[in-house]
Every structure is written in structure tokens, then in C-alpha cells.
Amino acid sequence: MIRKKILLLGDFSVGKTSLVRRYVDGSFDDKYLTTIGVKISKKLCSIENIECEVLIWDIEGSTPSKKISLGYYKGASGAIFVSDVTRRETIDSLDEHKDIFLSENPEASFVTAYNKADLLTDIARENIELDEDTFFTSAKENSNVEALFIKLVEKMLS
């Protein structure tokens, strides 16, 4: 069986834990729980008859003034960069999160989640460019959560 480590990276309160909980446990809770350090979850998945155990590292939020330890990045095969579509500053900081991650893991794969899409208006939605590696997600409504993780696993296995 193949094992892959992925990280969820983004600012505080963008919904990283909710995305993991929805994908791994199929559940959602409106209560905000601050992640301190890292919480690791496991999920088995099968992509084109390849069994893969995904180790999902839900890492505490970071900002320019609060950096996370680069030790968390070690050995990661992929990352999901998460922003909150209702908070522009979290979208603006995605490039910084990507740059730091890719400087430590230049061969790694990644996808991007514009999370809390259930709160987004159609007009605001038009101002965000999507490509095949970018998803509007909602852990609350279970929208594109599985597709987000599956896309990353596919990229890591290819």
C-alpha cells in the first residue's frame, strides 16, 4: 500500500479542520475549534485500483506574524491550500503559503480550496479564477470536499 502525507495550509479560521472532518468522518460542526500544532488523520482511498493511505496533517493557521514550524513540511507529498472566500486577506495570503511549502517540497503536488463557498454571492464568485486544481468548497454543505482530496491524491500518484 502506498502512503502519502498531505498538509492543509492556510490562515486561521479558514475551515481546514472542517474540511478534514468532512472528508475523513463525513461530519460537520459549526463550533470553531482552534487547531494548536497539528492534528493527524488517516483515510484509505483507492484511485484506479491503487490503494493509498493518506496521512492528513491539519496544521494550525499561520499569518505573516505567526509562522509555523518548517518541520511540519518535511516529507509531504502534497498540500491543500485553504482560504475563506468571505475574507479577502486569506485569499491574498495563499501565494505566501504556496511559496513556503514549495520551497521545502519543490516536487510536491497541490490543490487550492476556496472554502465556505456556501456563503459566497454569485458576483463575488465571478471574481475568483478557477482552474482544474482549484475548487470552491463547503464543508458545511459537503460541496467539492471529496473531489478536492481525490484530485490531490490523483496528482500525487501520477
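Look up a bit, the structure's there.
The structure contained in this document is the topic of the report that follows. These figures come from a predicted structure and were not determined experimentally.

## As for the packing of aromatic side chains
And step 1. Applying the stated criterion across every chain yields a total of six aromatic pairs.
And step 2. Taking 5.5 Å as the distance between ring centres and 70 degrees as the angle between the ring planes, the aromatic pair formed by Phe81 and Phe110 counts as edge-to-face. Of the two residues, Phe81 is situated in strand S4 (residues 78-84) and Phe110 in strand S5 (residues 109-115); the sequence distance between them amounts to 29 residues.
And step 3. Ring centres 6.1 Å apart and planes at 45 degrees place the aromatic pair Tyr114 and Phe136 in the tilted group. Residue Tyr114 is found in strand S5, and its partner Phe136 is found in strand S6 (residues 134-136); the two are separated by 22 residues along the sequence.
And step 4. Here a set of aromatic residues connected by ring pairs shows up, and it is made of Tyr73, Phe81, Phe101 and Phe110.

## Describing the pairing of S4
In summary, the side chains of a regular strand alternate between the two faces of the sheet.
And step 1. Among the seven residues in S4, seven count as buried, and that is most of the element.
And step 2. Judged by which residues are buried, S4 turns out to be covered on both faces: Gly78, Ile80, Val82 and Asp84 on one side and Ala79, Phe81 and Ser83 on the other are all buried.
And step 3. As paired strands, strand S1 (residues 2-10) and S4 are joined by five bridges and run parallel to one another. When the bridges of S4 are listed, Leu9 appears paired with Phe81.
And step 4. In terms of strand pairing, S4 meets S5 through seven bridges, oriented parallel. Paired with Asp84 across the strands is Asn115, a residue of S5.

What counts as what
Residues numbered from 1 in each chain as written. Predicted model: local features only at pLDDT ≥ 70, side-chain atom pairs only at ≥ 80, totals over all residues. Heavy atoms only, no water. Phe/Tyr/Trp six-rings, centres within 6.5 Å; stacked < 30°, edge-to-face > 60°. Helix = DSSP H or I, 4+ residues; strand = E, 2+ residues; numbered from the N terminus. Buried < 20%, exposed > 50% of the residue type's maximum accessible area, 1.4 Å probe, protein only. Pairing = 2+ DSSP bridges.

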